[in-house]
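As a plain string of letters, each chain reads:
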There are 4 protein chains.
Amino acid sequence: MSEFFDNVPFVKFEGVDSTNPFAFKHYDAKKVLLGKTMEEHLRMAACYWHNFCWQGSDVFGANTFERPWYKADSEMAAAKMKADAAFEFFTKLGISYYSFHDVDVSPEGKSIKEYISNFSAMVDVLQEKQETTGMKLLWGTANAFSNPRYMSGAASNPNPEIFAYAATQVFHAMNATHALKGQNYVLWGGREGYETLLNTDLKRERAQLGRFMQMVVEHKYKIGFTGTLLIEPKPAEPTKHQYDYDTATVYGFLKEFGLEKEIKVNIEANHATLAGHSFHHEIATACSLGLLGSVDANQGDAQLGWDTDQYPTSVEEYTLITYEILKAGGFQSGGYMFDTKLRRQSTNLEDLFHGHIGAMDTLALSLERAVKMIEGEALSKYVDQRYAKWNDELGTGILAGKQSLASLAAHVTDNDLNPQPVSGQQEMLENIVNGYIYR
Amino acid sequence: MSEFFDNVPFVKFEGVDSTNPFAFKHYDAKKVLLGKTMEEHLRMAACYWHNFCWQGSDVFGANTFERPWYKADSEMAAAKMKADAAFEFFTKLGISYYSFHDVDVSPEGKSIKEYISNFSAMVDVLQEKQETTGMKLLWGTANAFSNPRYMSGAASNPNPEIFAYAATQVFHAMNATHALKGQNYVLWGGREGYETLLNTDLKRERAQLGRFMQMVVEHKYKIGFTGTLLIEPKPAEPTKHQYDYDTATVYGFLKEFGLEKEIKVNIEANHATLAGHSFHHEIATACSLGLLGSVDANQGDAQLGWDTDQYPTSVEEYTLITYEILKAGGFQSGGYMFDTKLRRQSTNLEDLFHGHIGAMDTLALSLERAVKMIEGEALSKYVDQRYAKWNDELGTGILAGKQSLASLAAHVTDNDLNPQPVSGQQEMLENIVNGYIYR
Amino acid sequence: MSEFFDNVPFVKFEGVDSTNPFAFKHYDAKKVLLGKTMEEHLRMAACYWHNFCWQGSDVFGANTFERPWYKADSEMAAAKMKADAAFEFFTKLGISYYSFHDVDVSPEGKSIKEYISNFSAMVDVLQEKQETTGMKLLWGTANAFSNPRYMSGAASNPNPEIFAYAATQVFHAMNATHALKGQNYVLWGGREGYETLLNTDLKRERAQLGRFMQMVVEHKYKIGFTGTLLIEPKPAEPTKHQYDYDTATVYGFLKEFGLEKEIKVNIEANHATLAGHSFHHEIATACSLGLLGSVDANQGDAQLGWDTDQYPTSVEEYTLITYEILKAGGFQSGGYMFDTKLRRQSTNLEDLFHGHIGAMDTLALSLERAVKMIEGEALSKYVDQRYAKWNDELGTGILAGKQSLASLAAHVTDNDLNPQPVSGQQEMLENIVNGYIYR
Amino acid sequence: MSEFFDNVPFVKFEGVDSTNPFAFKHYDAKKVLLGKTMEEHLRMAACYWHNFCWQGSDVFGANTFERPWYKADSEMAAAKMKADAAFEFFTKLGISYYSFHDVDVSPEGKSIKEYISNFSAMVDVLQEKQETTGMKLLWGTANAFSNPRYMSGAASNPNPEIFAYAATQVFHAMNATHALKGQNYVLWGGREGYETLLNTDLKRERAQLGRFMQMVVEHKYKIGFTGTLLIEPKPAEPTKHQYDYDTATVYGFLKEFGLEKEIKVNIEANHATLAGHSFHHEIATACSLGLLGSVDANQGDAQLGWDTDQYPTSVEEYTLITYEILKAGGFQSGGYMFDTKLRRQSTNLEDLFHGHIGAMDTLALSLERAVKMIEGEALSKYVDQRYAKWNDELGTGILAGKQSLASLAAHVTDNDLNPQPVSGQQEMLENIVNGYIYR
Ligand SMILES: [Co+2]
Ligand SMILES: [Co+2]
Ligand SMILES: [Co+2]
Ligand SMILES: [Co+2]
Ligand SMILES: [Co+2]
Ligand SMILES: [Co+2]
Ligand SMILES: [Co+2]
Ligand SMILES: [Co+2]
């Protein structure tokens, strides 16, 4: 099978002292921490689109990548060659999961019927690849944003036929994900938003989107799909404003349409920062709302205002993220999916490996550090103690609804209360975290 | 009474050709548009804090303002002098409403009892001032963020006694607002947020905040206050992250605690832009969710990352804002409140007038332009037509819940649908808007 | 000739009351203000690339535009058809100037020789078109950023052969601009920058860039080109950091290589804001340094972190820009070039007209308002008076070098000086500006 | 002497396994790396203002710190008590250098004469403290931005008497710095900028600023001060725009006034990011221009638009910074100065220690990692190889001025050159860096 990545070996764990660029320094898949292997904790996935579909163009420049699998006699032949390349890559990399959009793996064709027949054929190919290699599908999704028909949205389109077209794609993509035993199904509303308020009816589009998501939930139950449904928030790009702006916005949307028990979020690091939040904030918010589903593990550029989808390199950041996820019980159906792309100048085939190896080592080391933080308990004890007074009579009474503004005013006035602030000790806590990271 | 602003006349409408800097060029209070006077449409208010309390300091510099009312023999005497100055200013300016925080109008004192007695005395003073001058209170609020006790939050504080202290202030501020016939009561959670996630329990603080807001609603009914309760979103500043980030976030919070029928939003222009939204977006979002309450009419600096609270000068922006509000039925209890401050270098007393006159003229002209947009119907007709297909069988069936992913997939496939996109015509719509603004 | 835009008439001035969307409301080309016609003041230009080359794709979506001139039997035939369409458009629009990159007008071909021969042929075509229509070339430029060979820069490339290739393109593009009587020649360093500091030698790349610009100046004199050389600053996009970040940065670069008398700047509104400046700031800075050459007149989206290149619609903004330019003596060789593109959803051919008509009216009205500001003198008198003391002995002595820290310290101490601040009156000045804009 | 920090011990190096929060885990002052001790490499300094003058206020909140040294019978007594506290802190912390503004250490007084006499007395106090403790002065500076007289600038003020007043302060602050054997003298132009362009003459203010800096240089030579003069860039805050925006802007300014050999830059991490650059960018730019003087070592908040001045905690970031500085030969007169402040909620005296200990350990570990990067040479070899072709005939000829556009065009065309891009390998380089950081 090895024909695309001949000069790259199977990537193995060699430890921190290895100087082999094609070896893991930290990711030791079977190493057990807190009762689970690294592989089970991290549930890492590579994506199809950035690695095998995108050809290196940017807004001001043409394609820079020349991959053998771009060229074949027919679209279907190219799709199969791409699948060969993808699974060779996944296998050599030693990653457990992958993810795709319908049109990543299968040619769109010239009509809906061609779309369906192509996709069906390629699902068979993927099924066989999964069986041969042991690769698993973390999630599937439908691309309802690239085709010009979706330029004004899919579910939020002013034309209900386009809504119906998107529904058709999602129908098939959910079925395919189910057939391939996908662990989750993701909805990213890249065109669900507006370009100008002058031509947009926000209320109407929200209603359309709400009904669409309800239909997705209904279909899940109808086909018996047991994976998790996920919405991936992003504030903007491609459109000026996207309805799934951030986790808090998605939460309000889900509540409005009665979906907050049915759909969780897939948080992407770079989308968090584009929304004006820290990645840590988005993860902690999702955990606190019971909404954390999965993570698109990448990294943005703090100076750039668009989605750069870089490989994660920051152990400092991912240790806190992983700590948050471990505190919330760890991933259930979700995992760390690398929604990452090479820099346009990284034109070598080997660069695909460098990017992923660095990313996987970053997450593995972050996991090790986060596990120490969980075991050490220094942070959690501090936090518990900070709020300890809320376990006393006054605090529990307030939260139990036994107090009113009037009763509290009487309590404060009668007792002439003058409560004093206490230090939040942020600097000491930061030192504790660095103490875990830098051993 | 005139002793602070001797050299400024009562400000009158003189029309666009006037060269008098102390006259309105556009604000003609009694002019009728769409059946209401300008005054009734705009419901403009001046604030107490920026105009009469802030002394011109910034983070790197000392006070630059030297106002006569800063100095008096006692704190209460100073408070009364400040009230004299404020009502002289309001009256000369010819504005209809004002707004205050408890501690703007009344000295905090050294204990809760002093706070209560000072505030009670000053409410009497304000009541008399209102009667004498005809001024009305747009809204009252409590400052639960400046005193060091609130450094780690008020309702979201780790100490329930501080929660209780804030409840006491809000109890008295709501009662005062009720007594003064305030049209609304505002809650701005400037310290309800976190500085670092390392010491913060998001879920717990959210529960505290939810209960606090429920108590506020309960108190409103208990005292028979008929005004509207408002939350003012802001993403950050003073804290790193504030829980009332933006309108969409507040909506999710209200839904969680069953408050979405009870509390609306007070949208500040500068807070909208700090949250990464256009002001227009925040207004349109609130309107679409039925949450628009009132507006803090100011303007930020597009290059600065903090709340500059400048006087609104952009007719281009406020025409669209006012158009949105008119489409939603106009202000009910809310209005345009100038949460605006002078530049620190604008040290003349007269500058207070220049700022407000420019702001009031900006809103008056924006109202005139927006009324033309409503009357002209060019935009609304365009939007209705854009979504017209949703009134047909397919569209209404989808929204009525009569379709599923499967039925839509069958519909698309059986009919071999291939719906085509149509131009959004943003540029033409922008020209239409400018056609209304620039007559 | 009319075959592409059959259903659009020649655009004429019809005045503010016209409801014809294909008429100018404010741009009256021959109207005289301050001794020059509107046309002579504004020197407006349409561009070739956004209007005739870009096909409506974005990072997440395929082409949405289907223009007749995209398709032809050969690349050269398509180039000629594109030229037909472009000049039909320019002529119907009634704009005076146009601009192009080498590869906008001419196919790159498969080798440098094909490039040269294609370009030569197309320059002949353009020359004939200019003669027939009376259109003039505002500026020409070379695209040394789209071809993959430039992915790591052109002049700043780590490979001197790529530097040489870029030099070859610039050689031909300058010659073509000279032949077509272009008024300026522009250099935009879209790839002159870095993606990561880890592989970049800043000092070396700066030296390369410096020598390149010196060669450009030398070539200008060699061929007798009398137009102005312009650098167009942009902070980032496509690369992470671009060397021509903003006007101040370009100034330092020009000073280092002795070029500050030879090269001016072409300021783009959207690049200014991406650099963290107001557009007004960049224009005023360039004027104060004697560097203002030309302006790419567009408008960004305040919430988006990339170059949206929208049509200018803000008279509020462009009045101040035009006021600054008039104060500096008006455009010499430069003008207002519309580096603007349709929204991807604006798919109608007519939208090209809507965008430009709105833009031209915006600039025309801004010119009218700015002329009033010049004539009114209210701002300039205020500013002169604010600095008046610098005309006295102390001020002139300081600037003449007659004072030292020691002598000033003695002066202050001996006279026990205690100079007091005076109001900057920003609010009053803003009202004055609005008084000019909103008549 | 120990009376303010009784419950904090002298901070010692205890190594990575220490659990003592008042011990260094990484900073081992006398440890030798590349022939110099850690102390000599890092030249770390604590500041006077944030630690001993600021009282915990923010824009929306009152002081939260209650330090014993704020209160004393007189201003001069308070200044002496503050000096006692400061030097006790410096000494216990084990830091080598400190820094101050004139008015940090000495009361401003009511007149310039009082200012001079107070300052003179306090310089004597500091001199004695330095002798007793062995502390050294990294740099001194004058605060010409907090007093209301400077609200419209110091050197760029519209009133030359205010220019003269600032000159007087700088005269005395330079003399004091010289007397105290300061290693550098810093100029931070916090008010040198504009609030609105409507009242500002950029060219005139630039000339004023240029002359001021020339006088500073002249005075340096006159008094024989052998330290380095430094300008500290910052883009905005407090003012809307500051003239010393970033390093590139300062470079252009220095070139214009012939000062580029006389003044270097003091780069602050948080100012870099506020200017839209990475901290790494600013350091590398300064090194490449030969302008690197000193570093204000702090850390901003990526989501906040103002100067948070947090303690540096990122070894990932500071390793690259320190690597850049080592490549440039290491600090000469400059050092790492902690322009850092506690979070407003960190109200304990001990928090001052936590902040600095974490910061010093961060820099010490970063130094260790950066030294390995220097010794390993993996990055430098890669970079040298990337540009290797510039050492060949074509490359050297270009830079030596032996080529023209015409000669290069001939070379490319005659040889039918078609140079191909090569991978920039960013991901592999990032892995190499992480390989050094995470051992
Ligand atoms: Co992304
Ligand atoms: Co993603
Ligand atoms: Co407000
Ligand atoms: Co505000
Ligand atoms: Co642009
Ligand atoms: Co441009
Ligand atoms: Co700072
Ligand atoms: Co600093």
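From a predicted model like this one, the values you see are computed outputs, not experimental measurements. Per chain, residues are indexed from 1 in the order of the written sequence. Each chain is given a letter, starting from A, and each ligand a number, starting from 1, according to the order in which they appear as written. pLDDT decides what is reported in this predicted model: residues at 70 or higher carry local features, side-chain atom pairs at 80 or more are listed and counted, and totals for whole chains, interfaces and linings draw on all residues regardless. The side-chain figures draw on all heavy atoms in the structure; neither hydrogens nor water molecules are used.

Least-squares superposition of the copies uses the C-alpha atoms of those residues scoring a pLDDT of at least 70 in each of them. When chain A is brought onto chain C, the operation consists of a screw motion whose angular component is 180° and whose axial shift is 0.0 Å, with 0.0 Å RMSD remaining. Each copy turns onto its partner about a two-fold axis. Taking the C-alpha atom as reference, chain A places A:G305 closest to the rotation axis, 1.9 Å from it.

Now for the packing of helix α12 (residues 349-376) of chain A against helix α16 (residues 426-437) of chain A. Residues and elements named next belong to chain A. Relative orientation of the contacting elements α12 and α16 amounts to 125°, with a least axis distance of 8 Å. Taken together, the axes of α12 and α16 are oblique relative to one another. Judged by the sense of rotation from one axis to the other, the crossing of α12 with α16 is right-handed. Across the interface between the two elements, R369, K372, M373 and G376 of α12 pack against V433, Y436 and I437 of α16. For this classification, Asp, Glu, Lys and Arg are treated as charged, while Ala, Val, Leu, Ile, Met, Phe, Trp, Tyr, Cys and Pro are nonpolar and the rest, including Gly, are polar. Here the contact of α12 with α16 is built from residues that sort into 4 nonpolar, 1 polar and 2 charged. Axis definition: a line fit to C-alpha positions, over the contact stretch in the case of helices; interaxial angles, taken between N-to-C directions, run 0 to 180 degrees. Only DSSP runs of H or I reaching four residues or more are called helices, and only runs of E reaching two or more are called strands; each is numbered from the N terminus. Put simply, angles under 35 degrees are roughly parallel, angles over 145 are roughly antiparallel, angles from 65 to 115 are roughly perpendicular, and the rest are oblique. The crossing is said to be left-handed when, going from far helix to near helix, the turn is anticlockwise and less than a right angle, and right-handed when the turn is clockwise. Contact criterion: two residues are considered in contact whenever any of their non-hydrogen atoms come within 4.5 Å of each other.

Glancing now at the coordination of the cobalt ion (ligand 1). Residues and elements named next belong to chain A. Donor atoms are limited to N, O and S found within 2.8 Å of the metal ion, a distance that becomes 3.2 Å for Na, K and Ca. With water left out, some sites might look partial. Coordination of the cobalt ion (ligand 1) by the protein comes from E268 (OE), D307 (OD), D307 (OD) and D309 (OD), over a distance range of 1.9 to 2.6 Å. Every geometry call rests on angle ranges, with four donors termed tetrahedral when all angles are between 85 and 135 degrees, four termed square planar and six termed octahedral when opposite donors are over 155 degrees apart and all others are between 65 and 115, and everything else termed irregular. Viewed at the metal, the 4 donor atoms of the cobalt ion (ligand 1) are separated by angles of 56 to 139°, and the geometry they form is irregular. When the donors of the cobalt ion (ligand 1) are listed by position in the chain, the intervening gaps give E-x38-D-x1-D. Metal-to-metal, the separation of the cobalt ion (ligand 1) and the cobalt ion (ligand 2) is 4.4 Å; E268 coordinates the two. Exposure is judged per residue with a 1.4 Å probe applied to protein chains only, and the accessible area is read against the type maximum: over 50% gives exposed, under 20% gives buried, and values in between give partly exposed. For D307, a relative accessible area of 6% corresponds to the buried category.

With that settled, consider the UniProt feature "binding site: Mg(2+) 2" (unreviewed entry) in chain A. Mapped onto this structure's residue numbering, the UniProt feature "binding site: Mg(2+) 2" (unreviewed entry) falls at A:E268, A:H271, A:D307 and A:D309. A compact arrangement is adopted by the annotated residues: their sequence extent is 42 residues, whereas the largest C-alpha distance between any two is 10.1 Å. Relative to the elements of secondary structure, A:E268 occurs in strand β12 (residues 263-268). We classify A:E268 as buried; its relative accessible area is 1%. With residues up to four places along the chain from it excluded, the contact list for A:E268 reads A:E232, A:F279, A:D296, A:N298, A:D307, A:D309 and A:D339. Mapped onto the elements of the fold, A:D307 is located in the loop between β13 (292-296) and α11 (315-327). Setting aside residues up to four positions removed in sequence, A:D307 forms contacts with A:K234, A:E237, A:E268, A:N270, A:H271, A:L274 and C:F60. In terms of polar contacts, A:D307 uses its side chain to reach the side chain of A:K234, at 3.2 Å. UniProt positions are given in the numbering used here, feature names are shortened, and annotations may be inferred rather than shown by experiment. Two N or O atoms count as a polar contact when they lie within 3.5 Å, although within protein this holds only if one can serve as hydrogen donor and the other as acceptor, and sequence-adjacent residues are included solely when both atoms are side-chain atoms.

Residue and element names in this part refer to chain A. On the UniProt side, "binding site: Mg(2+) 1" (unreviewed entry) is annotated at positions that read E232, E268, D296 and D339 here. Spatial clustering of the annotated residues is evident: they stretch over 108 residues in sequence, but the largest pairwise C-alpha distance comes to 11.7 Å. Within the secondary structure, E232 sits in the loop between β10 (228-231) and β11 (241-242). Excluding residues within four positions of it along the chain, E232 makes contact with W139, V186, L187, W188, D244, N266, E268, H271, D296 and D339. Looking at the element boundaries, D339 is found in the loop between β14 (336-338) and α12. For D339, a relative accessible area of 7% gives the class buried. Beyond its immediate chain neighbours, meaning those up to four positions away, D339 contacts W49, H50, E232, E268, D296, A297, N298 and D309.

Size of an interface: often given as the accessible area lost when the parts come together. Taken residue by residue, the interface counts 95 residues in chain A and 95 residues in chain B. Summed over both sides, the interface between chain A and chain B buries roughly 8400 Å², with carbon and sulfur atoms accounting for 67% of that surface. Among the residues chain A hides against chain B, the three largest losses belong to A:L198, A:Y387 and A:L405. Together they make up 10% of the total. Counting across the chain A and chain B interface gives 21 residue pairs in polar contact (both at pLDDT 80 or more). When residues of the side of chain A that touches chain B are assigned to their parent elements, the largest contribution, 12 residues, is made by helix α7 (residues 202-223) of chain A. Looking at the side of chain A that touches chain B residue by residue, the classes come out as 48 nonpolar, 30 polar and 17 charged. The term buried area refers to how much accessible surface (probe radius 1.4 Å) is lost by two components on association, counted for both of them together.

A separate point is the pattern of salt bridges. For side chains of opposite charge, pairing can occur when their charged atoms come near one another. Put simply, a salt bridge is a Lys or Arg side-chain nitrogen that is within 4 Å of an Asp or Glu carboxyl oxygen. Per the counting criterion, the structure on display carries 61 salt bridges over all chains. Of the charged contacts, one joins B:E218 and B:R211 as a salt bridge, the two residues approaching to 3.0 Å between their closest N and O atoms. The shortest N-O distance in the salt bridge between D:D301 and B:K240 comes to 2.9 Å. Taken together, the positions of D:D301 in the loop between β13 (292-296) and α11 (315-327) and B:K240 in the loop between β10 (228-231) and β11 (241-242) put the pair across two chains. Take D:D301: its relative accessible area is 14%, and that puts it in the buried class. Overall, the relative accessible area of 11% leaves B:K240 in the buried class. Through salt bridges that share partners, A:K234, A:E237 and A:D307 make up one connected network.

Turning to the environment of B:A388, a few remarks are in order. Counting through the fold element by element, B:A388 comes out in the loop between α13 (378-386) and α14 (393-399). Sequence spacing of B:A388 and B:D58 is 330 residues, and the spatial spacing of their C-alpha atoms is 53 Å.

Residues and elements named next belong to chain B. Coordination of the cobalt ion (ligand 4) by the protein comes from E268 (OE), D307 (OD), D307 (OD) and D309 (OD), over a distance range of 1.9 to 2.6 Å. The metal-metal distance between the cobalt ion (ligand 4) and the cobalt ion (ligand 3) is 4.4 Å, with E268 serving as a donor to both. Within this pair, whereas E268 is found in strand β12 (residues 263-268), its partner D307 is found in the loop between β13 (292-296) and α11 (315-327), the two being separated by 39 residues in sequence. Across the pair, D307 and E268 agree in class, each one buried.

Of the residues lining the interface, 30 residues belong to chain A; the matching set on chain C comes to 30 residues. In total, chain A and chain C occlude about 2700 Å² of area from one another, counting both sides; carbon and sulfur atoms represent 57% of this. Broken down residue by residue, the surface that chain A buries against chain C is led by A:F60, A:M151 and A:Q345, which jointly contribute 27%. In this structure, the connection of chain A to chain C is made through 4 salt bridges. Classifying every residue of the side of chain A that touches chain C by side-chain character gives 11 nonpolar, 9 polar and 10 charged.

All names here are of chain A. Compared with the 18 Å implied by 1.5 Å per residue over 13 residues, the 18 Å span of α11 between its first and last C-alpha is a close match. The element α11 is largely enclosed, with a buried count of 11 among its 13 residues. Of the positions making up α11, those classed as buried are V315, E316, Y318, T319, L320, I321, T322, Y323, E324, I325 and L326. Just downstream of α11, G329 is the residue with a positive phi angle, here 100°. Expected span of a helix, by definition, is 1.5 Å for each gap between consecutive residues, and there is one gap fewer than residues.

Now for the sheet that holds strand β7 (residues 136-141) of chain B. All names here are of chain B. Read around the barrel, 8 strands follow the order β5-β6-β7-β8-β10-β12-β13-β14 and close on themselves; strand pairing throughout is parallel. Between one strand axis and the next, the sheet turns by 30° as a mean value, whatever way the strands run. Pairing geometry for β12 and β13, over 4 bridges, is parallel. Bridge assignment links N266 to a residue of β13, and that residue is S294. The strands touched by helix α6 (residues 160-179) are β7, β8 (184-187) and β10; relative to β8, the strand with the most contacts, the crossing angle is about 155°. Lying over the sheet, helix α7 (residues 202-223) contacts β8, β10 and β12, oriented at roughly 160° with respect to β10. Two strands pair if DSSP finds at least two bridges between them.

Right, let's talk about the pairing of strand β6 (residues 97-101) of chain D for a bit. Residues and elements named next belong to chain D. Of all 5 residues that make up β6, 5 are buried, and the element is covered over most of its length. Here β6 shows no split at all, with Y97, S99 and H101 on one side and Y98 and F100 on the other all buried. When strand β5 (residues 45-47) meets β6, the two strands line up parallel, connected through 3 bridges. Paired with A46 across the bridge in β6 is Y98. Bridge count for β6 against strand β7 (residues 136-141) is 5 bridges, and the pairing is parallel. Each bridged residue has a counterpart across the sheet, and for F100 the counterpart in β7 is G140.

Turning our eyes to something else, we now look at the side chain of A:T322. Summarising the element assignment, A:T322 is placed in helix α11. For A:T322, the residues in contact, after removing those within four places along its chain, are A:Y336, A:S366, A:L367 and A:A370.

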